Amino acid sequence: MTSLDKPTEGTDQKPSEDARAVTEAALFDAFGGVRGMVETVVPGLLFVAIFTVDKNLHVSAIAALVVALVLVVVRLAMRDTVKHAFSGVFGVAFGVAFAMFTGNAKNFYLPGMLYTLGLALAYIVTALAGVPLMGLILGPVFKENLSWRTRNPGRKKAYTKASWAWGLILLAKCAILFPLYWWSDTTKLGWVLVALKIPPFLLAVWLTWVFLAKAPTPIDVFAEMEAEEKAEKERQAALAAEGGEATGGRHRRGA
C-alpha cells in the first residue's frame, strides 16, 4: 500500500469555513452556476413559446437550435468555458433531429427526458454499487480523484447521499414528465418541462452542498504527488552528493 492509498489522519475533522466556501465554489463551477441554468432553459423555452403561438414545428426547432448555437458563440467570444453550452447544443440538436424526423413536436423533448431517466438510474445504481456517480463527477473538481473511496469514508458517505438525492429527484421529475408525454399535448408538456428545469436542479445542488459541507475536507492527491516527487528528487540529489563525496575521498587517498 502506497502513501496515496493509506488513510490520512484528520479526515474525520469538521470542515472549516474555508472548506465550505471551496465546496460552494466547486459546485458552482461543476454545475454551471446561474449562467449554465439560463443556457439550459432558454432553448426549450423558446421552442415551446414559438410553438404555442403558431404550432410550427420547423420554426420552433430551428429557433431553439440557433439560440443554443448563439450561446456557444458568446462563450467562445468571451473565452469562457463552453462545456455547459456545448452540452445544451447537443441536447437541442438531438431533440430537433428527432422531432423533425418523426414529425412529432413532442419528440423534441424525448431525448432529454430519456437522458434524465438514464442519469437518475446511473446515480442510484452507482450509489448501490459503492461508487457514487457524484464522487466520480466532483472528485477531480476537488482534486481528490478517487481518494474518497478508500481514504476518506466520510466523503464517500456524503457522495453516496448526494447521488441518492440526485437519483430520486430526477426519478420524481420523470414520473411527472413521461405521463404528460403520452397523454398531454406538446404545449402543456413543454411548459411543464420548462417549469421543472430549475427547481429540481437547485434542490439537488443544495442537498449536495449540505452533505459535502458537513463532510471531512477532501484529500488533495495532486499536492501529495507533487510533494512525493519533490521528496524523491531531494533524496536522489542527496544520494548523488554522497556518492560524489565518497568518490572524491577515494581519489584523495589514492593520491
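Look above for the structure.
Presented here is a report on the structure given in the accompanying data block.

Procedures and definitions
Residues numbered from 1 in each chain as written. Predicted model: local features only at pLDDT ≥ 70, side-chain atom pairs only at ≥ 80, totals over all residues. Heavy atoms only, no water. Axes fitted to C-alpha atoms, helices over the stretch in contact; angles between N-to-C directions. Helix = DSSP H or I, 4+ residues; strand = E, 2+ residues; numbered from the N terminus. Parallel < 35°, antiparallel > 145°, perpendicular 65-115°, else oblique. Left-handed = near helix turned anticlockwise from the far one by under 90°. Nonpolar A, V, L, I, M, F, W, Y, C, P; charged D, E, K, R; others polar. Phe/Tyr/Trp six-rings, centres within 6.5 Å; stacked < 30°, edge-to-face > 60°. Buried < 20%, exposed > 50% of the residue type's maximum accessible area, 1.4 Å probe, protein only. Lys NZ or Arg CZ within 6 Å of the ring centre and 35° of its normal. Contact = heavy atoms within 4.5 Å.

Quick look at the packing of helix α5 (residues 110-129) against helix α8 (residues 153-183)
Inference 1: It is the contact of α5 with α8, at a shortest axis distance of 8 Å, that shows an interaxial angle of 150 degrees. Comparing their axes, α8 and α5 come out roughly antiparallel. Of the two elements, α5 crosses α8, and the hand of that crossing is left-handed.
Inference 2: Grouping the amino acids of the contact of α5 with α8 by side-chain chemistry returns 20 nonpolar, 4 polar and 1 charged.

Here's the deal with the packing of aromatic side chains
Inference 1: Considering all chains together, one arrives at 8 aromatic pairs under this definition.
Inference 2: Both rings, one in Phe47 and one in Phe108, keep their centres 3.9 Å apart while their planes meet at 5 degrees; by these two values the pair is stacked. Taken together, the residues span a long stretch of sequence, with Phe47 in helix α2 (residues 33-54) and Phe108 in the loop between α4 (83-102) and α5 at a distance of 61 residues.
Inference 3: By relative accessible area, which is 7% here, Phe108 ends up buried.
Inference 4: On the basis of an interplanar angle of 75 degrees and a centroid distance of 5.9 Å, the ring pair of Trp166 and Phe201 is categorised as edge-to-face. With Trp166 in helix α8 and Phe201 in helix α10 (residues 198-213), this residue pair connects regions lying 35 residues apart in the sequence.
Inference 5: By relative accessible area, which is 6% here, Trp166 ends up buried.
Inference 6: Here the aromatic cluster, defined as three or more aromatic residues joined through ring pairs, consists of Phe47, Phe51, Phe108 and Tyr109.
Inference 7: Its end group placed over the ring of Tyr181, Lys106 keeps NZ or CZ at 5.4 Å from the ring centre.

Considering the packing of α8 against helix α9 (residues 186-195)
Think of two packed helices as two axes; the pair is described by the angle between the axes and how far apart they sit.
Inference 1: The geometry of α8 relative to α9 is characterised by a closest axis approach of 9 Å and an angle of 165 degrees between their N-to-C directions. Compared by their axis directions, α8 and α9 come out roughly antiparallel. Relative to α9, α8 is oriented so that their crossing is left-handed. Each of Ile176, Leu177, Leu180 and Tyr181 in α8 lies in contact with α9, whose residues at this interface are Leu189, Val192 and Leu193.

Considerations on unusual backbone geometry
Inference 1: For Lys55, which is not a glycine, the phi torsion comes out positive at approximately 60 degrees.
Inference 2: Tracing the backbone through its elements, the reader meets Lys55 in the loop between α2 and α3 (57-77).
Inference 3: One non-glycine residue with positive phi stands out, namely Lys143, at about 65 degrees.
Inference 4: Mapped onto the secondary structure, Lys143 falls in the loop between α6 (133-138) and α7 (147-150).
Inference 5: Judged by relative accessible area, which is 45%, Lys143 ranks as partly exposed.

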